[in-house]
Amino acid sequence: MREFLDVATEIAREAGAILLAEFDHPATITYKGEVDLVTQADRRSEECVVSRLRTAFPTHAIVGEEGSGHEHLAKGAARSHYRWYVDPLDGTTNFAHGYPCFAVSIALVEDEEPIAGVVFNPVARELFAAAKGQGAWLNQKKIHVSKIDRLAVGLLGTGFPAHKRVENPNIHYYWRFTLASHGVRRDGSAALDLCGVACGRFDGFWEFGLKPWDTAAGTLIVREAGGMVTTFDGRPYHPGDATCLASNGLIHDEMRALTTDIAERSPASPG
Ligand code: IPD
Ligand code: CA
Ligand code: CA
C-alpha cells in the first residue's frame, strides 16, 4: 500500500509542476462541448501521470479523464483488480481563467474501493494523501475533520458542472444550503473541496454527477480523516455515483434531511 502511495505522490508532484509551468503561459484552449474546455495543461499532465503509472504498475488498469475513460492496460496483461483514476487537472475552468485553484488527483481503487489517494494543489503546495486504514495527511501531517455539530454554523462547499448546466438541479440546493448554514463556497475543484472537508476547512460538501476521477482520491481522504461520504439517500458513496454528500459525520444527518426536503419541494430532483 505504502509503495502505491509513494509512487502516486511523486507523480502528482511531477504533474503539478507541469500545471504550474503551463499556468504561467497563455492557455491553449479547446472545447469538448460549448463550455466544456480542455487545455494543453490537462493533456500534458495526463500524459505524464498515465505514462509514469503504466511504467510503475504495468498490470494495473488506468482511467484518465482526457483519455475519455479508456482503460490503458498493458498488452496481454490479465484483467487487474486494481484501477487508477486520474484527473490530471481538476479545476480546468479556474485554470483557464487564471484563478489559482486547481489540483492533480490520483487514486487507486481495488474492486472499486479507493485504497490510496493523492490530491496535489501546486499553487498552495498542499499535498493531501490517504491510505486505507492508515489515516490522511496534509503535507505529511495527520489531518482530521472538524468538530462542528450543527449545520447552522457549518461552512460548506459545492460545485456545478461546466456542461449541461441547465439540467443540473444544484441551484435549488445551493439556495437552501446557503440559508441553512454559515455559508457555501463554490471553488471549482471537487477534489480540493473534498480535501477541504477532510482537513476541517469545510464541514460538509455535496455535488451531483461527479465522475470517479473527481472523487476517488478525495473520498478516501475524507473517510481516513474521520468523515463520511454517502449518496443523498445514505448509501456509502462509490466513485461515479449520481450524488455525493461528504461531511465531518456530525452534520451528516442534518444535511441529508435537507437534501430530501429540497428534492421533494423543488421541480428537479437528483439524477
Ligand atoms: C470539475 C470540477 C468542479 C466540479 C465539476 C467537475 P474539471 O472538474 O471538479 O469543481 O463542479 O463537476 O467536472 O472539469 O475541472 O476536471
Ligand atoms: Ca474534475
Ligand atoms: Ca479534469
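Just so we're clear, the structure is a prediction, and the values are computed from it rather than from any experiment. (Residues numbered from 1 in each chain as written. Chains lettered and ligands numbered in written order. Predicted model: local features only at pLDDT ≥ 70, side-chain atom pairs only at ≥ 80, totals over all residues. Heavy atoms only, no water.)

Asker: Could you clarify how one ought to interpret unusual backbone geometry in this entry?
Answerer: Apart from glycine, the bulk of residues carry a negative phi angle, and the bulk of peptide bonds sit in the trans form. Despite not being glycine, glutamate 112 has its phi angle at roughly 70°, a positive value. With respect to the helices and strands, glutamate 112 occurs in the loop between strand E5 (103–110) and strand E6 (113–121). On the basis of relative accessibility, which here comes to 28%, the residue glutamate 112 falls in the partly exposed class. (Helix = DSSP H or I, 4+ residues; strand = E, 2+ residues; numbered from the N terminus. Buried < 20%, exposed > 50% of the residue type's maximum accessible area, 1.4 Å probe, protein only.)

Asker: Got a minute to help me understand the site of ligand 1 in this structure?
Answerer: Taken together, 15 residues lie near ligand 1, and Asp90, Gly91, Thr92, Gly188 and Glu207 sit nearest. One of the side-chain N or O atoms of aspartate 87 is found 3.3 Å from an oxygen atom in ligand 1. Within the backbone of phenylalanine 160, an N or O atom sits 3.2 Å from an oxygen atom of ligand 1. In the complex, 86% of the free accessible area of ligand 1, which totals 370 Å², lies under the protein chains. A total of 3 residues in the shell around ligand 1 trace back to one element, the largest contributor, which is strand E4 (residues 82–90). Among the residues making up the shell around ligand 1, the classes are represented as 5 nonpolar, 5 polar and 5 charged. When residues of the shell around ligand 1 are assigned to domains, at least three fall in each of domain 1 (2–142) and domain 2 (151–265). (Near = heavy atom within 4 Å. Polar contact = N/O pair within 3.5 Å; in protein donor to acceptor, adjacent residues only side chain to side chain. Areas by Shrake-Rupley, 256 points an atom, 1.4 Å probe, with all protein chains shown as cover. Nonpolar A, V, L, I, M, F, W, Y, C, P; charged D, E, K, R; others polar. Domains from an automatic or database assignment.)

Asker: In this structure, what is going on with the environment of glycine 183? I would like to understand it.
Answerer: With respect to the element layout, glycine 183 can be found in strand E11 (residues 183–185). On the basis of relative accessible area, glycine 183 is assigned to the buried category, the value being 7%. Each C-alpha atom of the pair glycine 183 and leucine 155 lies 5.2 Å from the other, and the pair is 28 residues apart in sequence. Once residues lying within four places of it in the same chain are set aside, the contact partners of glycine 183 are Gly154, Leu155 and Leu156. (Contact = heavy atoms within 4.5 Å.)

Asker: Hey, could you run me through the pairing of strand E3 (residues 61–64) in this one?
Answerer: A regular strand carries its side chains on alternate faces of the sheet. Residues of E3 alternate between two faces, with Ala61 and Val63 on one and Ile62 and Gly64 on the opposite face, all of them buried. Sheet topology note: the E3/E4 ladder contains 4 bridges and is parallel. Residue pairing for E4: isoleucine 62 is matched across the bridge by tryptophan 84. (Pairing = 2+ DSSP bridges.)

Asker: So what exactly am I meant to see when it comes to the sheet that holds strand E12 (residues 204–208) here?
Answerer: Hydrogen bonds between backbone groups are what pair the strands of a sheet, and the pairing can be parallel or antiparallel. Here we have 5 strands laid out as an open sheet, ordered E11-E10-E12-E14-E13, and mixed in their pairing. At either end of the open sheet lies a strand with only one pairing partner, and these are E11 and strand E13 (228–230). Each strand of the sheet is rotated relative to its neighbour by a mean of 20°, with strand direction disregarded. Pairing of E13 with strand E14 (residues 243–247) involves 3 bridges; the strand directions are antiparallel. Across the sheet, threonine 230 pairs through a bridge with leucine 245, a residue of E14. Packed onto the sheet, helix H4 (residues 170–180) meets strand E10 (155–158), E11 and E12 and runs at close to 160° relative to E12. Relative to the sheet, helix H7 (residues 252–265) contacts E10, E12, E13 and E14, its axis offset from that of E14 by approximately 150°. (Axes fitted to C-alpha atoms, helices over the stretch in contact; angles between N-to-C directions.)

Asker: What should I look at first to understand the coordination of the calcium ion (ligand 2) in this one?
Answerer: The textbook angles at a metal center are 109.5 degrees for a tetrahedron of four donors and 90 or 180 degrees for an octahedron of six. Around the calcium ion (ligand 2), the protein contributes the donor atoms Asp87 (OD), Asp90 (OD) and Asp214 (OD), which lie 2.1 to 2.2 Å from the metal centre. The distance between the calcium ion (ligand 2) and the calcium ion (ligand 3) comes to 3.7 Å, and aspartate 87 binds to both of them. Judged by its relative accessible area of 1%, aspartate 87 falls in the buried class. (Donors = N, O, S within 2.8 Å, 3.2 Å for Na, K, Ca; no water.)

Asker: Honestly, the pattern of salt bridges in this entry has me stumped. Any pointers?
Answerer: Here the idea is simple: oppositely charged side chains can pair when their charged atoms come close. Applying the stated criterion to the full structure yields 10 salt bridges. The shortest N-O distance in the salt bridge between aspartate 6 and arginine 2 comes to 3.5 Å. Note that aspartate 6 and arginine 2 are positioned in helix H1 (residues 2–23) at a spacing of 4 residues, about one turn of the helix. The salt bridge partner of arginine 52 is glutamate 14, with a shortest N-O separation of 3.0 Å. Of this pair, arginine 52 sits in helix H2 (residues 40–56) while glutamate 14 sits in helix H1, and the two are 38 residues apart along the sequence. Residue arginine 52 is classed as partly exposed on the basis of its relative accessible area, which comes to 25%. Using a relative accessible area of 34% as the deciding quantity, one classes glutamate 14 as partly exposed. One continuous salt-bridge network, built from bridges that share partners, spans Glu10, Glu14 and Arg52. (Salt bridge = Lys/Arg side-chain N within 4 Å of Asp/Glu carboxyl O.)

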